[in-house]
Amino acid sequence: MKSIFKNIQGDKAIWAVVALLALFSFLPVYSASSNLAYLYGDGSTFKFLLKHLAHLLLGFAILYGVHRIPYHYFRGLSIIAMPVVFILLLITLSQGTTIGGASASRWIRIPFVGVSFQTSTLAAVVLMTYVARYLSKIKGKAVTFRETLLPLWLPVFIILGLILPANFSTTAIIFVMVITLVFIGGYPIKYLGFVLGAGFVGLILFIGFAKISNIDSLTIKVNTWENRLKNFSDNEDTEADYQIEKAKMAIASGGLTGLGPGKGVQKHFLPQSSSDFIYAIIVEEYGMIGALFLLLMYLLLLFRLVIVVHKSSSFFGKLLVVGIGLPIIFQALINMGVAVELFPVTGQTLPLISSGGTSIWMTCLALGMVLSVSAKREIKPKEKQEENPLDILSQTI
């Protein structure tokens, strides 16, 4: 154990924030899982707590292992991982399964292990790393839109197109993050209008195809998007409104200090109380104090990400931290915003707090890469002279 702590490097504040969020997550997950225990189990919430513990332990193993890798290797690994992500998304699109009553098939089950995995979260991390690699490659060069079409935008739109039929909110978040990253990375602003227009046209074409096709899954999904947007703007009594109303009731009853750990009531009525709407349960049981504590933790994480970007001497390192770190904060703010009805229902979890293995693992993967940058784990001169295959691949493709 001492050797592990001795080998922990990188931004200590990020380590502290991650550890605090993980420790804090046990209480609300244990409390909110009572609804899942009643619906899908034998009434015991202890096994859900053990499951959450197992997810966190594996997540921290990923975090520790990844932060020990020199971040320069991620350039080549992103190229290798892109075809893998394509295949996984195709498999998910063709034979994905639903988990916990989700309205779309977003998961694939890993054979022989019995573990379900949401492929779009892995695709987001890989894609943002790939975009950061490409932007660092063309830094200082005058490029045309045609030159960047195949190596940059084609992979982006292929991945977004594969995620879109099952998960619009994740697709939208990834698209916004890619646009943000290329803007920060110095990509010519005059070409971003073409990209935004292509994205809008692609979305319209997909909706039109779903409307006229006989594919029930696509039609149902598009109708779900429309209903969520409509419900967000009016007061019709629907399932989405039911979730929001219960979340607002939980928040309203929380007060300053909350009802106390495990004493929340609305967790018995919210369908996704341990994942999508766990923030409402936290406010109900821990009040405004708990709500502000979480918000401050994510803002502190954002502040430390800015510090890591500022201190990084590598342009790729700076873009990598922005590309994989900023979506974590963005997702957290969206989850909180949905609970207080600032945004329509999106199905986004609260990073490191909500139950669910994939969300925890991919968040830890991204933070491990950030910590690798903060630890300044770069390729040693001797290793550079040996011409690692990953470096050669990232420079030539």
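Each chain has its residues counted from 1, running along the sequence as written. For this predicted model, a pLDDT threshold of at least 70 governs which residues receive local features, and a threshold of 80 or more governs which side-chain atom pairs are given and counted, while totals over whole chains, interfaces and linings are taken from all residues. The side-chain figures draw on all heavy atoms in the structure; neither hydrogens nor water molecules are used.

### Comments concerning the overall build of the chain
Where we set the bar: Numbered from the N terminus, helices here are DSSP runs of H or I no shorter than four residues, and strands are runs of E no shorter than two. For each residue, the accessible area found with a 1.4 Å probe, counting protein chains only, is set against the maximum for its type, and the residue is called buried under 20%, exposed over 50%, and partly exposed in between. The criterion used for residue contact is that any of the two residues' heavy atoms lie within 4.5 Å. Throughout, the Shrake-Rupley method with a 1.4 Å probe supplies accessible areas, and for residues the shown protein chains are the sole cover considered.
Counting its secondary structure elements, the chain contains 16 helices and two strands. Out of the 397 residues in the chain, the part that is buried amounts to 50%. Taking contacts inside the chain between residues at least 6 apart in sequence as the whole, the part at least 24 apart equals 73%. Carbon and sulfur atoms make up 68% of the accessible area of the chain, which totals about 18,800 Å².

### Thoughts on the packing of aromatic side chains
Using the following cut-off: Two rings belonging to Phe, Tyr or Trp (six-membered ring only in the last case) form a pair when the distance between their centres is within 6.5 Å. Interplanar angles under 30 degrees mark stacking, angles over 60 mark edge-to-face geometry, and anything in between is tilted.
This structure, assessed with the given rule, holds nine aromatic pairs. Considering the side-chain rings of Phe-145 and Tyr-191, the 5.9 Å spacing of their centres and the 45° angle between planes classify their relative orientation as tilted. Residue Phe-145 is found in helix H7 (residues 145-163), and its partner Tyr-191 is found in helix H9 (residues 189-212); the two are separated by 46 residues along the sequence. What makes Phe-145 partly exposed here is its relative accessible area of 22%. Ring pairs connect the aromatic residues Phe-145, Trp-153, Phe-157, Phe-175, Tyr-187, Tyr-191 and Phe-194, which therefore count as one cluster.

### With respect to helix H14 (residues 357-374)
Helical periodicity: at 3.6 residues per turn, an α-helix aligns residues three or four positions apart in one direction. Put simply, the rule reads: Multiply 1.5 Å by the residue count of a helix minus one, and that product is the helix's expected span.
Its 18 residues place the ends of H14 25 Å apart at the C-alpha level, agreeing with the 26 Å of an ideal helix rising 1.5 Å per residue. H14 sits mainly inside the fold: 18 of its 18 residues count as buried. Backbone geometry just after H14 places Lys-376 at a positive phi near 55°.

### Overview of the layout of surface pockets
Convention followed: The rule is simple: put a 1 Å grid over the protein atoms alone, call a set of points where a 1.4 Å probe fits but cannot get out a cavity, call an open set with protein on both sides within 12 Å along at least five of seven lines a pocket, and count a residue as lining if it has an atom within 4 Å of a point. Grid points are joined across faces, edges and corners, and a volume is the space filled by probe spheres set on the points.
Quantified by volume, the second largest pocket comes out at close to 480 Å³. Lining the second largest pocket are 21 residues, and of these Phe-168, Ser-169, Ala-172, Leu-229 and Thr-346 sit closest to its centre. Of all elements in the fold, only helix H8 (168-184), H9, helix H10 (216-233) and helix H13 (315-339) reach the threshold of two or more residues within the lining of the second largest pocket. With six residues, H10 is the single largest residue contributor to the lining of the second largest pocket.

### Brief notes about the environment of Cys-364
Note that Cys-364 resides in helix H14. Residue classification places Cys-364 among the buried positions, given a relative accessible area of 0%. Placed 306 residues apart in sequence, Cys-364 and Leu-58 show a C-alpha to C-alpha distance of 9.2 Å. The residues contacting Cys-364, other than those within four sequence positions of it, are Gly-59, Phe-60, Ile-62, Leu-63 and Leu-352.

### Examining the pattern of salt bridges
Rule in force here: Put simply, a salt bridge is a Lys or Arg side-chain nitrogen that is within 4 Å of an Asp or Glu carboxyl oxygen.
Overall, the coordinates contain four salt bridges when judged by the stated rule. Here Asp-11 ties to Arg-304 by a salt bridge, and the two come within 2.7 Å at their closest N and O atoms. In this pair, Asp-11 is assigned in the loop between helix H1 (2-6) and helix H2 (12-32) and Arg-304 in helix H12 (residues 278-311), connecting sequence segments 293 residues apart. Each member of the pair, Asp-11 as well as Arg-304, carries the same accessibility label: buried. Two residues, Glu-341 and Lys-248, come together in a salt bridge whose shortest N-O distance is 2.8 Å. With Glu-341 in the loop between H13 and H14 and Lys-248 in helix H11 (residues 239-254), the pair connects residues that are 93 residues apart, well separated along the chain.

### A closer look at helix H4 (residues 46-67)
Under the convention used in this document: Relevant arc is that of directions from the helix axis to the C-beta atoms, nothing else.
With 22 residues, H4 extends 31 Å from end C-alpha to end C-alpha; this agrees with the ideal 32 Å at 1.5 Å per step. Residues of H4 that are buried: Phe-48, Leu-49, His-52, His-55, Leu-56, Gly-59, Leu-63, Val-66 and His-67. Axial view of H4: buried residues confined to an arc of 120°, hence all on one face. Turned more than 90 degrees from where H4 packs its buried face, Lys-51 and Leu-57 sit exposed.

### Considering the nonpolar core
Counted only if it meets this: Here the nonpolar core consists of buried residues drawn from Ala, Val, Leu, Ile, Met, Phe, Trp, Tyr and Cys, with membership extended through side-chain atoms lying within 4.5 Å.
Within the largest apolar cluster, 100 residues are counted, with the highest numbers of intra-cluster contacts made by Trp-153, Leu-294, Leu-350 and Ile-353. Among the elements that take part in this core, H12 stands out by supplying 14 residues, more than any other. Excluding anything up to four places from it in sequence, Leu-294 contacts Leu-21, Phe-24, Tyr-279, Ile-282, Met-336, Leu-350 and Ile-353. Of all hydrophobic cores here, the second largest spans six residues; its members include Leu-164, Phe-206, Ala-210 and Leu-218.

### Quick notes on a nonpolar patch on the surface
Going by this rule: A patch is a set of surface residues, each over 30% in relative accessible area and not in a salt bridge, joined within 9 Å for like charges and within 5 Å for the nonpolar side chains Val, Leu, Ile, Met, Phe, Trp and Tyr.
Together, Leu-256, Met-288, Ile-289, Leu-292, Leu-296 and Leu-299 make up a nonpolar patch on the protein surface, roughly 580 Å² of accessible area in all. By the element assignment, Met-288 lies in helix H12. A residue is classified by how much of its surface remains accessible, and Met-288, at 42% relative accessible area, is partly exposed.

### Observations regarding unusual backbone geometry
With a phi close to 65°, Glu-341 is a non-glycine residue in the positive phi region. One non-glycine residue, Leu-352, adopts positive backbone phi at about 70°. Residue position: Leu-352 is located in the loop between H13 and H14. Residue classification places Leu-352 among the buried positions, given a relative accessible area of 2%.

### So, the packing of H7 against H9
Defined as follows: In this analysis, axes come from line fits to C-alpha atoms, helices being fitted only over the stretch in contact, and the angle between any two N-to-C directions falls in the range 0 to 180 degrees. In this scheme the crossing of two helices becomes right-handed for a clockwise turn of the near helix relative to the far one and left-handed for an anticlockwise turn of less than a right angle. For this scheme, ten residues count as nonpolar: Ala, Val, Leu, Ile, Met, Phe, Trp, Tyr, Cys and Pro. Four count as charged, namely Asp, Glu, Lys and Arg, and the remainder, Gly too, count as polar.
H9 packs onto H7 with a crossing angle of 35° between their chain directions and a minimal axis gap of 12 Å. The element H7 and its partner H9 pack so that their crossing is right-handed. Side by side, H7 and H9 meet where Phe-145, Trp-153 and Phe-157 of the first sit next to Tyr-191, Phe-194, Val-195, Ala-198 and Gly-199 of the second. Among the residues making up the contact of H7 with H9, the classes are represented as seven nonpolar, one polar and no charged.

### Overview of the packing of H8 against H13
The line we're drawing: These descriptions rest on fixed angle ranges, namely under 35 degrees for roughly parallel, over 145 for roughly antiparallel, 65 to 115 for roughly perpendicular, and the rest for oblique.
Two numbers describe how H8 lies on H13: the axes approach to 10 Å, and their chain directions differ by 140°. Overall, the two elements H8 and H13 adopt an arrangement that is oblique. Here the hand of the crossing between H8 and H13 comes out right-handed. Counted together, Ile-173, Met-177, Thr-180, Leu-181 and Ile-184 of H8 and Leu-319, Val-322, Gly-323, Leu-326, Pro-327, Phe-330 and Ile-334 of H13 form the full contact between these two elements.

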